[in-house]
Amino acid sequence: EADIYQTPRYLVIGTGKKITLECSQTMGHDKMYWYQQDPGMELHLIHYSYGVNSTEKGDLSSESTVSRIRTEHFPLTLESARPSHTSQYLCASSESGSGSPYEQYFGPGTRLTVT
Amino acid sequence: KNQVEQSPQSLIILEGKNCTLQCNYTVSPFSNLRWYKQDTGRGPVSLTIMTFSENTKSNGRYTATLDADTKQSSLHITASQLSDSASYICVVSDRGSTLGRLYFGRGTQLTVWP
């Protein structure tokens, strides 16, 4: 079982509210990722980080923002939630470096519903 | 366009039976191919990772094969159990960036009936 945690697991919130999805890992991994996944669809990378104070946007455009102040913590924030943000959000982490393929460990996900 | 296509989209089998899931990809350049198992409402869990030089890898009752020439992979599940009911996702990584970009398939939804 990977040591990567996400809270809350489920969130139902009204339009216009600000929300923060939490993600923490205790493996000391430098790389962390946020993915968005709709039912029956593939995962899409929305943000990633190589380490502290490093954040980059992924392939799928997202109105969310992320921060990486501590190695173990990679929160995602939506300033004003909309129904189009309804989705499952998955956090992942991995070791950095070259050589053998690195393993990505996923958290359990946060199911967000915006009404 | 780099893509990962999986078939079938869904599959129902009886407990104890074997099954094979397929993955075709067009990702280039190619670094490695992974199979993940994702239970409903959970994050994906890695089953196998194969590089270009590997053509088969096993993890218990799961055996993955890779044909890098035809850009095809399969995941064979032996003696299925009820707990095998999940989505199985094929993921291909390129070596064209320091991030080692991952391309995800949409998954095959497997249901095992008693």
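Up top is the structure.
Counting of residues starts from 1 at the beginning of each chain's written sequence and follows it residue by residue. Each chain takes a letter, starting from A, and each ligand takes a number, starting from 1, following the order in which they are written. Predicted model: local features are reported for residues with pLDDT of at least 70 only, side-chain atom pairs are reported and counted for 80 or more only, and whole-chain, interface and lining totals are derived from all residues. As a rule here, side-chain values cover all heavy atoms of the structure and leave hydrogens and water aside.

**With respect to the pattern of salt bridges**
Residue and element names in this part refer to chain A. The salt bridge definition used is simple: a Lys or Arg side-chain nitrogen within 4 Å of an Asp or Glu carboxyl oxygen. Counted according to the given criterion, the structure contains seven salt bridges over all chains. One salt bridge connects Glu63 with Arg82, and the closest N-O pair in it is separated by 2.7 Å. Of this pair, Glu63 sits in the loop between strand 6 (54-57) and strand 7 (65-66) while Arg82 sits in the loop between strand 8 (76-78) and strand 9 (87-94), and the two are 19 residues apart along the sequence. Residue classification places Arg82 among the partly exposed residues on the basis of a relative accessible area of 36%. Only runs of H or I of at least four residues qualify as helices and only runs of E of at least two qualify as strands under DSSP, and these elements are numbered from the N terminus. Type-normalised accessible area, obtained with a 1.4 Å probe on protein chains alone, sets the label of each residue: buried when under 20%, exposed when over 50%, and partly exposed for intermediate values.

**Points about the interface of chain B and chain A**
The contact criterion used is simple: two residues touch if any of their non-hydrogen atoms lie within 4.5 Å. Counting residues at the interface gives 20 residues for chain B and 23 residues for chain A. Accessible area that two parts lose when put together, with a 1.4 Å probe and added across both, is what the buried area reports. Summing the contributions of chain B and of chain A, the shared interface buries around 1,800 Å²; its carbon and sulfur component is 51%. Remark: the boundary between chain B and chain A carries two salt bridges. With its nearest N and O atoms 3.1 Å apart, the salt bridge here joins Asp59 of chain A to Arg101 of chain B.

**Points about unusual backbone geometry**
Most of the time, phi is negative for any residue but glycine, and the peptide bond is trans. Along the chain, Thr7 of chain A connects to Pro8 of chain A via a cis peptide bond; the corresponding omega equals -10°. With respect to the element layout, Pro8 of chain A can be found in the loop between strand 1 (4-7) and strand 2 (10-13). Between Ser7 of chain B and the following residue, Pro8 of chain B, the backbone shows a cis peptide bond with an omega angle of -10°. As for its placement among the helices and strands, Pro8 of chain B is situated in the loop between strand 1 (4-7) and strand 2 (10-14). Look at Asn53 of chain A: it is not a glycine, yet its phi comes out positive at around 65°. With respect to the secondary-structure elements, Asn53 of chain A resides in the loop between strand 5 (44-51) and strand 6.

**Some remarks on the side chain of His85 of chain A**
Residue and element names in this part refer to chain A. Turning to its location among the elements, His85 is positioned in the loop between strand 8 and strand 9. By relative accessible area, which is 8% here, His85 ends up buried. Sequence-distant contacts of His85, defined by excluding residues within four places in its chain, comprise Glu63, Leu78, Ser80, Leu112 and Val114.

**Re the nonpolar core**
By convention a nonpolar core is built from buried Ala, Val, Leu, Ile, Met, Phe, Trp, Tyr and Cys residues, the set being connected through side-chain atoms within 4.5 Å. Ranked by internal contacts, the top residues of the largest apolar core, which has 24 residues, are Val4, Tyr25, Leu33, Trp35, Leu75, Tyr88 and Val92 of chain B. Of all the secondary structure elements, the ones that give two or more residues to this core are strand 3 (19-25), strand 4 (32-38), strand 5 (45-51), strand 7 (62-67), strand 8 (72-77), strand 9 (86-93) and strand 11 (108-113) of chain B. One finds Leu21, Cys23, Met32 and Val114 of chain A within the second-largest nonpolar core, a separate group that totals 17 residues.

**Quick notes on the sheet that holds strand 3 (residues 19-25) of chain A**
All names here are of chain A. Strand pairing is assigned whenever DSSP detects at least two bridges linking the two strands. In space, the four strands of this open sheet follow the order 1-3-8-7, with antiparallel pairing throughout. Sheet topology places strand 1 and strand 7 at the edges, where each strand pairs with a single neighbour. Here four bridges tie strand 1 to strand 3, and the two strands are oriented antiparallel to one another. Bridge pairing in strand 3 links Tyr5 to Ser24.

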